Amino acid sequence: RNLVVFVGNFFPWHNLDILVQSFRQVLKVLPESTLVLVGDGDLKLTIESMVKQMEIDKAVLFPGRVSQQEVADWLAAATVTVAPFPRLSLKLFEYMAAGTAVIAADVPDVREIIHHDENGQD
């Protein structure tokens, strides 16, 4: 099973709506995948509703707020972590420090950190 893990807050600028829409496409190619959205925030109910409306709720987990140890456990279990933010976030560095593969938004700030064939791929 492929685990796609996001850890953070459910705020509008975190682009979780785009992440969920993208994950729906992933399921068409990799149906054994699970999206894990760890955290809480203003848009959690909206995102949960969106997941249900898209009928992908069996493939999406919402563990809520968890301890630092549980965050570490989710990151260790992840096939890939996701940072859909519209600008550079410390989350990118946290994921990298945990040694996980990262899918990040293609934005200028991230391009300054991730370099093709050096520490990342396009």
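Here goes a summary of the coordinates provided. These figures come from a predicted structure and were not determined experimentally.

### Regarding the side chain of Thr 34
Logical step 1: Summarising the element assignment, Thr 34 is placed in strand 2 (residues 33-40).
Logical step 2: Since its relative accessible area comes to 6%, Thr 34 is described here as buried.
Logical step 3: A polar side-chain atom of Thr 34 sits 2.7 Å from a polar atom in the side chain of Arg 1.
Logical step 4: Contact partners of Thr 34, with chain neighbours within four places excluded, come to Arg 1, Asn 2, Leu 3, Val 4, Phe 23, Ala 59 and Leu 61.

### Let's talk about the sheet that holds strand 4 (residues 80-83)
Logical step 1: Sheet architecture is open: five strands sit in the order 3-2-1-4-5, paired in parallel fashion. Only two strands of the sheet have a single partner each, and these edge strands are strand 3 (60-64) and strand 5 (102-104). Averaged over all neighbouring strand pairs, the angle between strand axes comes to 25°, with direction disregarded.
Logical step 2: Summarising the sheet, strand 4 and strand 5 pair through three bridges and their orientation is parallel. Of the residues in strand 5, the one forming a bridge with Ala 83 is Ala 104.

### Let's talk about the environment of Thr 81
Logical step 1: In this fold, Thr 81 is placed in strand 4.
Logical step 2: On a C-alpha basis, the gap between Thr 81 and Gly 99 in space is 10.0 Å, while along the polypeptide they are 18 residues apart.
Logical step 3: In this view, Thr 81 contacts Val 5, Leu 75, Tyr 95, Thr 100, Ala 101, Val 102 and Ile 103; residues no more than four positions away in its chain are not counted.

### Looking at the packing of helix 1 (residues 16-29) against helix 2 (residues 44-53)
Logical step 1: Put simply, helix 1 and helix 2 touch, their axes get as near as 10 Å, and they point 20° apart. What the angle tells us is that helix 1 and helix 2 run roughly parallel. Here helix 1 and helix 2 pass one another in a crossing that is right-handed. Taking contact as the criterion, the partners of Leu 16, Asp 17, Val 20 and Gln 21 in helix 1 are, on helix 2, Ile 47, Met 50 and Val 51.

### Things to note about the pattern of salt bridges
Side-chain pairing between opposite charges can occur once the charged atoms of the two side chains come close.
Logical step 1: Applying the stated criterion across every chain yields a total of four salt bridges.
Logical step 2: For Arg 65, the salt bridge is made with Asp 40, and the minimal N-O distance between the two is 3.8 Å. Here Arg 65, found in the loop between strand 3 and helix 3 (68-77), pairs with Asp 40, found in strand 2; they are 25 residues apart in sequence, far enough to count as distant.
Logical step 3: On the accessibility criterion, Arg 65 (68% relative accessible area) is exposed.

### Some thoughts on the packing of aromatic side chains
Logical step 1: Using the criterion set out here, one finds four aromatic pairs in the structure.
Logical step 2: Relative to Phe 62, the ring of Phe 10 has its centre 6.3 Å away and its plane inclined at 35°; by these criteria the two rings are tilted. Of this pair, Phe 10 sits in the loop between strand 1 (2-9) and helix 1 while Phe 62 sits in strand 3; the two residues are 52 residues apart in sequence, bridging distant segments of the chain.
Logical step 3: You can call Phe 10 buried: its relative accessible area is 0%.
Logical step 4: Here the aromatic residues Phe 6, Phe 10, Phe 62 and Phe 85 are joined through ring pairs into a cluster of three or more.

Conventions adopted
Numbers given to residues run from 1 along each chain, matching the order in which its sequence is written. Where totals are concerned, whole chains, interfaces and linings use all residues; where local detail is concerned, this predicted model gives features only for residues with pLDDT of at least 70, and gives and counts side-chain atom pairs only at 80 or more. Hydrogens are left out, water is left out, and the side-chain values use all remaining heavy atoms of the structure. Numbering of helices and strands runs from the N terminus, with a helix taken as a DSSP run of H or I at least four residues long and a strand as a DSSP run of E at least two residues long. Partly exposed residues are those whose accessible area sits between 20% and 50% of the maximum for their type, while under 20% is buried and over 50% is exposed, using a 1.4 Å probe and protein chains only. Pairs of N or O atoms within 3.5 Å make up the polar contacts considered here, provided that, within protein, one atom can donate a hydrogen while the other can accept it, and that residues adjacent in sequence are counted only when both atoms are side-chain atoms. The contact rule is simple, with two residues in contact once any of their heavy atoms fall within 4.5 Å. DSSP calls a pair of strands paired once it identifies at least 2 bridges connecting them. The convention used is that axes are lines fitted to C-alpha atoms, helices contributing only their stretch in contact, and that angles between N-to-C directions extend from 0 to 180 degrees. What sets the label is the angle itself: under 35 degrees gives roughly parallel, over 145 gives roughly antiparallel, 65 to 115 gives roughly perpendicular, and the rest give oblique. By definition, any crossing whose near helix is turned counterclockwise from its far helix by less than a right angle is left-handed, and any crossing with a clockwise turn is right-handed. Any Lys or Arg side-chain nitrogen located within 4 Å of an Asp or Glu carboxyl oxygen qualifies as a salt bridge. The pairing test for Phe, Tyr and Trp rings, Trp by its six-membered ring, is centres within 6.5 Å, and the orientation test on the planes gives stacked under 30 degrees, edge-to-face over 60, and tilted for anything in between.

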